[in-house]
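# Geometric and topological summary
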Amino acid sequence: MNQTYKKKILLLTTGGTIASGPTNEGLAPVLNGDKLLSLLGPASNGYSITVRDILSLDSSNIQPEEWKLIARSTASAFSSQEGYDGVVITHGTDTMAYTASILSFMLRNPPIPVVITGSQLPIFHPLTDALENLRTAFAMAASGIRGVFVAFNRKIILGTRAVKVRTTGFDAFESVNSPCAAWIDGTGLRVNHDAIPLVFDPFSLEDHICGSVFLLKLTPGLDPGIFDMLGKMNYRGIVIEAFGLGGLHFIRRDLISKLQMTSELGITVVVCSQCLYERSDFSIYQAGQKALEQGVLQGFDMTTEAAVTKLMWALGKTEDLQEVRRLFSQSLFGEVVI
Ligand code: ASP
C-alpha cells in the first residue's frame, strides 16, 4: 500500500471576516474551524489538520491579552510530541499586521512555519477569497521554513513586514520595504529565500509585553501638551509617526523640548515616518537631528505596526532603558535594515 505522509498542521481559529456571517448587528464571527475546513473542501485533504478554536472575535477586539493567548496556543504546537509541521492561524484582517508583528517577536525562533491568514469576504460568500488564502497558508505552513508569515492573495509576507493597505480589495496586504517571502504561481509555492531571515537558534516564548505604548501621528501645529498628557497616563513608550524623511516642528509649538521631558520621565520614544514606503532618517534635516539629540530611537524602514509591537515587546522584557534600546536596535525577524 502506498501511503504518502501528510504534513501535520495545527489550525487555530480566532474569528474575523473569514469566519463571519450575518447577524442582527452586522457581520460577526460565527463559524468554527471544522466548518471552515468543510467549506475549504478537498484542498484540505492533502494535510492532516487538527483544529483548535481559540477565539471568535472581530480582530478590532484583538488586544495584547489575545496576542498572548494566540502566542501560547501556537507555542503549544512546537513540542516534538505534538509533531506538527506547521501552524495556520485564521484572523481578521483589520489588525492582522499587528498580530503578525507581535507574534514574530513573542515567538522567537519558531521551529516550524506559523502562517496567519484571513479574507476580505466571508468563506461562505460565492466570491470569497478565503479559499485561496487558506490554500496559500497551508502550502506555506507545510514548507518547513521557520518564521511567522502572513498569507494573502497568493503572497507570503514576513509577519514583520505586512501592512493592510486596502479595505475591500483582495490584494489587501503589502510587504512593505521588503520583497515577498514567497508566492504561488503555476509551479506551486515559490520561495524567495533571500527575503527570509535564517533561523538557527532554539525557540523561546517571550510573551511578556507592555501594552502602554502610544502611537502619535504628527499633524502640523500639534499641541506639545499631548506629551504631558501621555506622561500623566503613565505611557512607557511613544512611537511618533513624524513627517517625511524625519522631522518634528519646534517653532512656536516646540515638540523637541517635550522629547527631553519624556526621556526624563523614562518614556522611550521611537520616531518613524508617516510615509509608508522607504526609510526614515532623522539625521538629514535640522528638524530631525534636534529630535535625535534628545535620545529618541529611529524606526528606519520599519512598518508602524512593527515599531509599535517591537517597543511593546522590548518594554515588556526589561525596565532597563539601555537594554530596551539595545533590544530595539537589532533586527529580530527582518523588520528593519539597520
Ligand atoms: N473586521 C474584520 C476583522 O478584522 C475584517 C476582516 O477580517 O477582514 O475581524
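Please read these numbers as outputs of a predicted model, since none were measured by experiment. (Residues numbered from 1 in each chain as written. Predicted model: local features only at pLDDT ≥ 70, side-chain atom pairs only at ≥ 80, totals over all residues. Heavy atoms only, no water.)

### Quick word on the overall build of the chain
When its secondary structure is counted, the chain shows 9 helices and 18 strands. Against the globule reference of 20 Å for 338 residues, the chain gives a C-alpha radius of gyration of 21 Å, in line with a compact fold. Within the span of the chain, comprising 338 residues, buried residues form 53% of the whole. Considering only contacts within the chain whose residues lie at least 6 apart along the sequence, 71% involve residues at least 24 apart. (Helix = DSSP H or I, 4+ residues; strand = E, 2+ residues; numbered from the N terminus. Rg over C-alpha atoms; globule rule 2.2 N^0.38 Å. Buried < 20%, exposed > 50% of the residue type's maximum accessible area, 1.4 Å probe, protein only. Contact = heavy atoms within 4.5 Å.)

### Details of the site of the ligand
Residues in contact with the ligand, as listed here, are Gly16, Thr17, Asp58, Ser59, Gly92, Thr93, Asp94, Ser119 and Gln120. Contact between the ligand and Thr17: an oxygen atom at 2.9 Å from a main-chain N or O atom of the residue. Measuring from an oxygen atom of the ligand, one finds a side-chain N or O atom of Thr93 at 2.5 Å. In the complex, the protein chains occlude 89% of the 270 Å² of accessible area that the ligand would expose alone. Classifying every residue of the shell around the ligand gives no nonpolar, 7 polar and 2 charged. (Near = heavy atom within 4 Å. Polar contact = N/O pair within 3.5 Å; in protein donor to acceptor, adjacent residues only side chain to side chain. Areas by Shrake-Rupley, 256 points an atom, 1.4 Å probe, with all protein chains shown as cover. Nonpolar A, V, L, I, M, F, W, Y, C, P; charged D, E, K, R; others polar.)

### A word on the pattern of salt bridges
A side chain of one charge can pair with a side chain of the opposite charge when the charged atoms of the two come close. Going through the model one piece at a time under the given rule, you end up with 12 salt bridges. The partner of Asp94 in a salt bridge is Lys164, and the shortest N-O contact between them spans 2.7 Å. You can see Asp94 sitting in the loop between β5 (86-90) and α3 (96-106) and its partner Lys164 sitting in strand β10 (residues 162-164), a full 70 residues away along the chain. Between Asp301 and Arg161 there is a salt bridge whose closest N-O contact spans 3.0 Å. Placement of the pair is Asp301 in the loop between β18 (297-298) and α8 (304-317) and Arg161 in the loop between β9 (155-158) and β10, with a sequence separation of 140 residues. Like Arg161, Asp301 is buried. Among the charged side chains, a network of salt bridges with common partners joins Glu132, Arg135 and Arg154. (Salt bridge = Lys/Arg side-chain N within 4 Å of Asp/Glu carboxyl O.)

### As for the packing of aromatic side chains
What the rule picks out here adds up to 6 aromatic pairs. The interplanar angle of 25 degrees and the centroid separation of 5.4 Å between the aromatic rings of Tyr47 and Phe138 together place this pair among those described as stacked. Of this pair, Tyr47 sits in strand β4 (residues 47-57) while Phe138 sits in helix α4 (residues 130-141), placing them 91 residues apart in sequence. On the numbers, 6.1 Å between centres and 80 degrees between planes, the contact of Phe149 with Phe333 is edge-to-face. Of this pair, Phe149 sits in strand β8 (residues 147-152) while Phe333 is found in the segment after α9 (321-328), placing the two residues 184 residues apart along the sequence. (Phe/Tyr/Trp six-rings, centres within 6.5 Å; stacked < 30°, edge-to-face > 60°.)

### Points about α3
Where burial is concerned, most of α3 is hidden: 10 out of the 11 residues are buried. Among the residues of α3, Met96, Ala97, Thr99, Ala100, Ser101, Ile102, Leu103, Ser104, Phe105 and Met106 are the ones counted as buried.

### Focus on a nonpolar patch on the surface
Taken together, the side chains of Leu245, Ile284 and Tyr285 define a hydrophobic patch exposed on the protein surface, amounting to about 290 Å² of accessible area. Positionally, Tyr285 belongs in the loop between β17 (268-273) and α7 (286-292). (Patch = residues over 30% accessible without salt bridge, like charges linked within 9 Å, V, L, I, M, F, W, Y side chains within 5 Å.)

### A look at the environment of Ala97
With respect to the helices, strands and loops of the structure, Ala97 is situated in helix α3. For Ala97, a relative accessible area of 3% translates into the label buried. Filtering out sequence-adjacent residues up to four positions away, Ala97 remains in contact with Gly159, Ala162, Val163, Lys164, Phe173 and Glu305.

### Section: the sheet that holds β5
Note: strands within a sheet are paired through backbone hydrogen bonds, in either parallel or antiparallel orientation. In spatial order, the strands read β4-β1-β5-β7-β8-β9-β12-β13; together these 8 strands make up an open sheet with mixed pairing. Edge strands, defined here as strands with exactly one partner in the open sheet, are β4 and β13 (188-191). Across the sheet, the axes of successive neighbouring strands diverge by a mean angle of 20 degrees, strand direction being ignored. Contacting β5, β7 (113-117) and β8, α3 crosses the sheet at an angle of about 160 degrees to β8. (Pairing = 2+ DSSP bridges. Axes fitted to C-alpha atoms, helices over the stretch in contact; angles between N-to-C directions.)

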